[in-house]
Amino acid sequence: MKKIILLFIVSIVLSNCSTYKPLINPETSRDKFDGKNIAGAYWKDLQACHYIFDQNTGKLAIMPDKKGFITKCMNDYGYSILR
């Protein structure tokens, strides 16, 4: 019974991590090089970060930090992450 409860809790934690969508500030999200507002490309960049994570994380990775990776990836794209 304990194993079933533990498995259920782990599956909830893993499913919540896979739906992470960072909240951005569109007014301060600017391109690093030319200063243009980049908030219009948010969904494209978010999907690119998810794709990069999925392609570069092995199946045997134990509890990979997807939220941290997505946050850093979106910061690298130039977004100002609020949470």
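Residues numbered from 1 in each chain as written. Predicted model: local features only at pLDDT ≥ 70, side-chain atom pairs only at ≥ 80, totals over all residues. Heavy atoms only, no water.

K.L.:
Which residues make up the packing of aromatic side chains, and what are the values?
P.N.:
Summed over the entire model, instances satisfying the criterion amount to 3 aromatic pairs. Between Y42 and W43, the aromatic rings sit 4.9 Å apart at their centres with planes inclined by 75°, giving edge-to-face as the arrangement. Y42 gets classed as buried once you look at its relative accessible area, which sits at 10%. Looking at W43, the relative accessible area reads 52%, which means it is exposed. Ring geometry for Y42 against Y79: centres 6.0 Å apart, planes inclined by 80°, an arrangement best described as edge-to-face. Pair noted here: Y42 is in helix α2 (residues 42-56) and Y79 is in the segment after α3 (66-77), with a separation of 37 residues, a long-range link. Ring pairs connect the aromatic residues Y42, W43 and Y79, which therefore count as one cluster. (Phe/Tyr/Trp six-rings, centres within 6.5 Å; stacked < 30°, edge-to-face > 60°. Buried < 20%, exposed > 50% of the residue type's maximum accessible area, 1.4 Å probe, protein only. Helix = DSSP H or I, 4+ residues; strand = E, 2+ residues; numbered from the N terminus.)

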